[in-house]
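Chain by chain, the residues:
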Amino acid sequence: MKKPRLFYLDLIRTAALISILIIHFNATVTGYFTYPSRLFGSTLPFGIYLGDFGSSLFFIVSGAALCYTAADPFSVKGFYKKRARAVYPMFWLAWALCFTVRFTTVPGAFAGARGVTLVLTLLGLDNFAVAAGWVGADFACVGEWFLGSILFLYLLFPLLLALCRKGRAVRWLGFAGAAVLGVAVHLTGWDARLVAIHLPEFFFGMVFVQLTRRGQAGALGASLAGLLALWALGGPLADTKILCALFSAAVFAALALLSPLLDRGPVRRGCGLLSRYSYAVFLCHHVLIQRLVRGFDLSILTRRDTVLLFFSYLVATAAASALLYWLDGKVRAGAGALWHGAGA
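Since the model is a prediction, treat every value here as computed from it, not as a measurement.

Draft legend 1. Quick look at the side chain of Asp138. Position of Asp138 among the secondary structure elements: in the loop between helix 5 (126–131) and helix 6 (144–164). A polar contact of 3.0 Å, which involves the side chain of Asp138, links it to the backbone nitrogen of Ala140.

Spelled out as structure tokens, the structure:
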């Protein structure tokens, strides 16, 4: 039987989406922080970067949502098949559209990319591969590093789910192990600091969604205590991404606990709508703001024009996301019809 939708997951996904929309806009219109910000700041308390915060919330809510909806008994093959269907068709559609526009309007844009890197691009590992230093250039148009990182966590999900379903003691031991491993690898930099720190975040979401309300309150207290302790003591563990992981876990828990106060018709519908389109927004928003700022002299951009540009960016992103979502549905329906027709 299908489980009821959890409002707090939609609420937190909306908060994460807003953070990412703001930070990419702010980064682009300031020439990646070369010029002063005229509308939004880029950091939160404890020196945490807003983009890291939004990404961390997405990792936590992804773990929680996948654990909450996982079938019992769980099929590893079925899970990977479902994830591939959820990720790749819309990604390939968005990439094909953006690649066509960039290739034809910016001659030589992909001249430095070797043909073999097209495989990485089509697997969703494009920007991740560049950021990690695997390749110097590729055919990336959409996806950014986040998609590559979440795909690695999807590979680990069956193991993490098995730990979660073994009982409370195994669940918490598994989480402790994931936290130690994630922090250790992050501090060494073996993963270019892109994946390992998000392992405990992802697992935290999986554990949190199985807790009672009292247990969730305890998770909030533990996250806050850890955050304040590391911030006060300093040292290597006061790395901003580690602080961000604890800060994001605390915000996640706080929003989950406060969500009944916000669970009203318009808010529920709005968060549900934004959650439904969040992947489409993720795929197109960064491309749009980079194109929208062309022609502006960012060094003299006024506050008024920054506000108008932000409004235009939101309208363009909403329209492009709705179109991408609609096209994805049409492509899926067409592919399904062809499949069934061939089978007949």
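Here the narrative resumes, following the displayed structure.
Draft legend 2. Layout of the nonpolar core. By size, the foremost hydrophobic cluster in this structure holds 96 residues, and its most contacted members are Val142, Met206, Phe208, Phe252 and Leu283. A total of twelve residues in this core trace back to one element, the largest contributor, which is helix 2 (residues 50–69).

Draft legend 3. The arrangement of empty space enclosed by the protein in detail. Scanning all chains against the criterion turns up two cavities of 30 Å³ or more. The calculated volume of the largest cavity comes to roughly 50 Å³. Surrounding the largest cavity, Asp52, Ser55, Ser56, Trp145, Ile197, His198, Lys241 and Cys244 form its lining. Taken together, the elements giving at least two residues each to the lining of the largest cavity come down to helix 2 and helix 10 (240–262). The biggest single contributor to the lining of the largest cavity is helix 2, with three residues. When grouped by side-chain class, the residues that make up the lining of the largest cavity number three nonpolar, three polar and two charged.

Draft legend 4. Layout of unusual backbone geometry. At the junction of Asp72 and Pro73, the peptide bond is cis and its omega measures out at 10° in the coordinates. Of note, Pro73 is situated in the loop between helix 2 and helix 3 (76–105). At Tyr32, a position not held by glycine, the phi torsion is positive, near 55°. In this structure, Tyr32 sits in the loop between helix 1 (7–29) and strand 1 (43–44). Within the chain, Arg193 stands out as a residue other than glycine whose phi angle is a positive 60°.

Draft legend 5. Region of interest: the environment of Leu309. Examined against the element boundaries, Leu309 turns out to sit in helix 12 (residues 303–343). With relative accessibility at 5%, the residue Leu309 sits in the buried group. For the pair Leu309 and Ile289, spaced 20 residues apart in the sequence, the C-alpha separation amounts to 9.0 Å. The contacts of Leu309, once residues within four sequence positions are left out, are Phe25, Val29, Leu292, Val293, Phe296 and Leu301.

Draft legend 6. Representation of helix 10. The largest bend in helix 10 comes to about 35°, at Ala256, with the proline Pro260 one to four residues further on. At the N-terminal boundary of helix 10, the capping side chain belongs to Asp239, with an oxygen 2.8 Å from the backbone nitrogen of Lys241.

Draft legend 7. Region of interest: the packing of aromatic side chains. Per the counting criterion, the structure on display carries 36 aromatic pairs. Both rings, one in Phe40 and one in Phe310, keep their centres 4.9 Å apart while their planes meet at 65°; by these two values the pair is edge-to-face. Residue Phe40 is found in the loop between helix 1 and strand 1, and its partner Phe310 is found in helix 12; the two are separated by 270 residues along the sequence. The class of Phe40 is partly exposed, set by a relative accessible area of 21%. For Phe310, a relative accessible area of 16% gives the class buried. Within the aromatic cluster, the residues linked to one another by ring pairs are Tyr8, Trp172, Phe175, Phe203, Phe204, Phe208 and Phe252. For the cation-ring pair, Lys3 lies above Tyr68, with the distance from its terminal atom to the ring centre recorded as 5.0 Å. If you follow Lys241 out to its NZ or CZ, it ends over the ring of Trp145, 6.0 Å from the centre.

Draft legend 8. Inspection of the packing of helix 6 against helix 8 (residues 198–208) at higher detail. Packing of helix 6 against helix 8 brings their axes to within 10 Å, and their N-to-C directions diverge by 50°. Taken together, the axes of helix 6 and helix 8 are oblique relative to one another. Helix 6 and helix 8 meet at a crossing whose hand is right-handed. Here helix 6 contributes Trp145, Ile150, Leu153, Leu156, Phe157, Leu160, Leu161, Leu163 and Cys164 to the contact with helix 8, which in turn contributes His198, Leu199, Phe202, Phe203, Met206 and Val207. Looking at the contact of helix 6 with helix 8 residue by residue, the class counts come to 14 nonpolar, one polar and no charged.

Draft legend 9. Up close: the side chain of Arg171. Position of Arg171 among the secondary structure elements: in helix 7 (residues 168–188). Salt bridges are absent for the buried Arg171, whose nearest opposite-charge side chain, Asp72, sits at 11 Å. Within the structure, Arg171 has its side chain in polar contact with the backbone oxygen of Cys164 (distance 3.2 Å).

Cut-off values and rules
- Residues numbered from 1 in each chain as written.
- Predicted model: local features only at pLDDT ≥ 70, side-chain atom pairs only at ≥ 80, totals over all residues.
- Heavy atoms only, no water.
- Helix = DSSP H or I, 4+ residues; strand = E, 2+ residues; numbered from the N terminus.
- Polar contact = N/O pair within 3.5 Å; in protein donor to acceptor, adjacent residues only side chain to side chain.
- Core = buried A, V, L, I, M, F, W, Y, C linked by side-chain atoms within 4.5 Å.
- Buried < 20%, exposed > 50% of the residue type's maximum accessible area, 1.4 Å probe, protein only.
- 1 Å grid on protein atoms, 1.4 Å probe; cavity = no way out; pocket = protein on both sides within 12 Å on 5 of 7 lines; lining within 4 Å.
- Points joined across faces, edges and corners; volume = space filled by probe spheres on them.
- Nonpolar A, V, L, I, M, F, W, Y, C, P; charged D, E, K, R; others polar.
- Contact = heavy atoms within 4.5 Å.
- Bend = angle between axes of the 7 residues up to and from the residue.
- Phe/Tyr/Trp six-rings, centres within 6.5 Å; stacked < 30°, edge-to-face > 60°.
- Lys NZ or Arg CZ within 6 Å of the ring centre and 35° of its normal.
- Axes fitted to C-alpha atoms, helices over the stretch in contact; angles between N-to-C directions.
- Parallel < 35°, antiparallel > 145°, perpendicular 65-115°, else oblique.
- Left-handed = near helix turned anticlockwise from the far one by under 90°.
- Lys, Arg positive; Asp, Glu negative; His and termini not counted.
- Salt bridge = Lys/Arg side-chain N within 4 Å of Asp/Glu carboxyl O.

Bear in mind that shape data such as this cannot, by itself, settle questions of function.
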